[in-house]
Amino acid sequence: MSENILEIKNLKVMFGKSIAIHDISLKVPKGGIVTVIGSNGAGKSTTLNAMMSIVKKTAGTVFFNGEDITNEPTQNIVQKGIALAPEGRHLFPYLTVQKNLILGATQRKDKDGIARDMEFVFELFPILKDRLKQKAGTMSGGQQQMLAIARALMADPKLLCLDEPSLGLAPVVIDDIGEKIREINKTRGTSILLVEQNVHLAFGTAQYCYALQVGNVVAEGTTEAIRSDDVVKRAYFGG
Amino acid sequence: MNILINTLVLGIMYILASLGFAFIFNMLGTINLAHGALYMVGAYLCYYLCAMAGVNQWIAMVIAAIVLAGVGLLLEKVMFRPFLTNFDRIVMISVGLITIGQTIANILTGNKAMVIPSYGSGLTKIAGTSISNERLVTFGVGLVLLLAALYIVNYTALGRQMEAVSQDRLGAALQGININRVSAIVCAIGIALAAVAGCFMGAYLGLSSNMGDTMNLRILMLVMLAGAGSMNGILITGTVMGFLDTIFPLYFAGNAGSAIPIAIVVVLLLIKPEGFFGHELKM
């Protein structure tokens, strides 16, 4: 056992001959909220997808709870306890909200636990209970994002990864999502890795922050430190 | 009455043969051009088991279905999985398979007329009309298999996972669904169903090396008419297709009988290119 639930060491990803991620290392402490910020093409999503074995890692290792999961297939990683709500949500648009949620629990066998978590996500996002029989694709963007997070939670993850949950949402809804993320972290003790372009949401939610630029970590530190960091300021606030 | 039962028998066979094609189309996003050829291979295998090894035609059908299910697993592994993003290559391999299958069938058949032993003998009187038991049995077994397939798709975890994979592959992988395993099972079931349809049709209409082409054409039309992602649509278009193929040969001699249904389908597709029961309409 280690005190970090997730540790990515020297990750490198290449798509053909182009380098998507040059060298990224990051850690998520148990029970913590960590955010990864950076502009388009910085390699944020690729880092998550490589971690989940959705895209191939060229080099580097991934440890989850002290266990090497670098070469595990995606379904085993989910089963071990990492869930990713991907960028663009990737819901099953023609299935009902209910079926989407059940599919989130694909790797689980504990019926009672699944029922309990179903209740938990309904408490967290009451709107989903009202829309149980509605097709996921017919809901609004904010509701779809809630469903994506809820579906990821149905896997009962120890580490919940959220890729750009703010994408395309109204500021009010983004604040709401941020609140829910903190609530999940507090009530379930789930560690959270939040990948965001929206620094407002990222800084408001996380305790620790990594800033990426073209496939490298250019700055890291507590959110307070990063907020005043010159490199980050120049990149994000036009300072 | 006879028209009705012929419509139903042909329709259900078309549907059975098409289901696997539609599964593969929806889940893997590619078309299995060799589906008709596999349907033919199933029929020939069944025939030779009966004729050479003296196996009962029912047992021969089951063996053919199991062997073809194995072929399905193999195809998924060597053809679909590695070349999923390479449509050209899948087409090349399929065409190769079709050619090999048909050539072997041609060498075996020559110009002999071969028929699989009937799956039912005698007649039954229903509402004043005599209907051959073979047709009733074909329809009955077809219906049972179809209902089983529908049950799997709509009410089991496998069916749910199939839907998930066909709607969003990345989303499905991230839920911990083993996409390769689900795809392999679906290929096996789908191609086994085609083999069963081949056995029945081989008993009903006899064997020929181009029976696969005829069926391939039906399958393509049916699935296009139904629209992508629609299971229930296939049931309806399959029945309509069976009806067209029953009714027109009665009134038009020779090739016109099979050309007119195709012409009708072409016109329907001109009106509604996305098909009649696809996702666009379900929303």
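Residues numbered from 1 in each chain as written. Chains lettered and ligands numbered in written order. Predicted model: local features only at pLDDT ≥ 70, side-chain atom pairs only at ≥ 80, totals over all residues.

What follows concerns the overall build of chain B. Along its length, chain B carries 12 helices and 2 strands. Written out in order from the N terminus, the α and β elements of chain B read α-α-α-α-β-β-α-α-α-α-α-α-α-α. Taking 283 residues into account, the globule formula puts the C-alpha radius of gyration at 19 Å, and chain B, at 19 Å, falls close to it. Its C-alpha atoms put chain B at 55 × 45 × 35 Å along the principal axes. In chain B, which comprises 283 residues, the share counted as buried stands at 46%. Of all intrachain contacts in chain B linking residues separated by at least 6 positions in sequence, the fraction that spans at least 24 positions is 75%. (Helix = DSSP H or I, 4+ residues; strand = E, 2+ residues; numbered from the N terminus. Rg over C-alpha atoms; globule rule 2.2 N^0.38 Å. Buried ≥ 20, exposed ≤ 12 C-beta atoms within 10 Å, placed from the backbone. Contact = placed C-beta atoms within 7 Å.)

Of the regular secondary structure elements, chain A holds 10 helices and 10 strands. Whereas a compact globule of 239 residues would reach a radius of gyration of roughly 18 Å, chain A reaches 17 Å, a difference of no more than 12%. Principal-axis analysis of the C-alpha atoms gives chain A an extent of 45 × 40 × 35 Å. Across the 239 residues that make up chain A, the buried fraction comes to 44%. Residue pairs at least 24 apart in sequence account for 66% of intrachain contacts in chain A once pairs closer than 6 positions are excluded.

This part is about unusual backbone geometry. Residue and element names in this part refer to chain A. Of note in this structure, S53 is not a glycine but carries a positive phi near 65°. Mapped onto the secondary structure, S53 falls in the loop between helix 1 (44-51) and strand 4 (59-64). Phi angles above zero are rare outside glycine, and N65 is one such case at about 55°. Residue position: N65 is located in the loop between strand 4 and strand 5 (67-68).

All names here are of chain B. Running from N to C, helix 2 (residues 35-51) and helix 3 (residues 57-80) point in directions that differ by 140°, and their axes come no closer than 8 Å. Taken together, the axis directions place helix 2 and helix 3 in an arrangement best described as oblique. Seen from above, helix 2 lies across helix 3 with right-handed handedness. Between helix 2 and helix 3, the residues in contact are L38, V41, G42, L45, C46, L49 and C50 and Q57, A60, M61, I63, A64, V67, L68 and V71, respectively. In the contact of helix 2 with helix 3, the residues fall into 13 nonpolar, 2 polar and no charged. (Axes fitted to C-alpha atoms, helices over the stretch in contact; angles between N-to-C directions. Parallel < 35°, antiparallel > 145°, perpendicular 65-115°, else oblique. Left-handed = near helix turned anticlockwise from the far one by under 90°. Nonpolar A, V, L, I, M, F, W, Y, C, P; charged D, E, K, R; others polar.)

Bringing the confidence of the model for chain B into the picture now. Across chain B, the average pLDDT comes to 88, with 98% of residues at 70 or higher. Two summary scores accompany this predicted model of the complex, namely pTM at 0.87 and ipTM at 0.90. (pLDDT = per-residue confidence, 0-100.)

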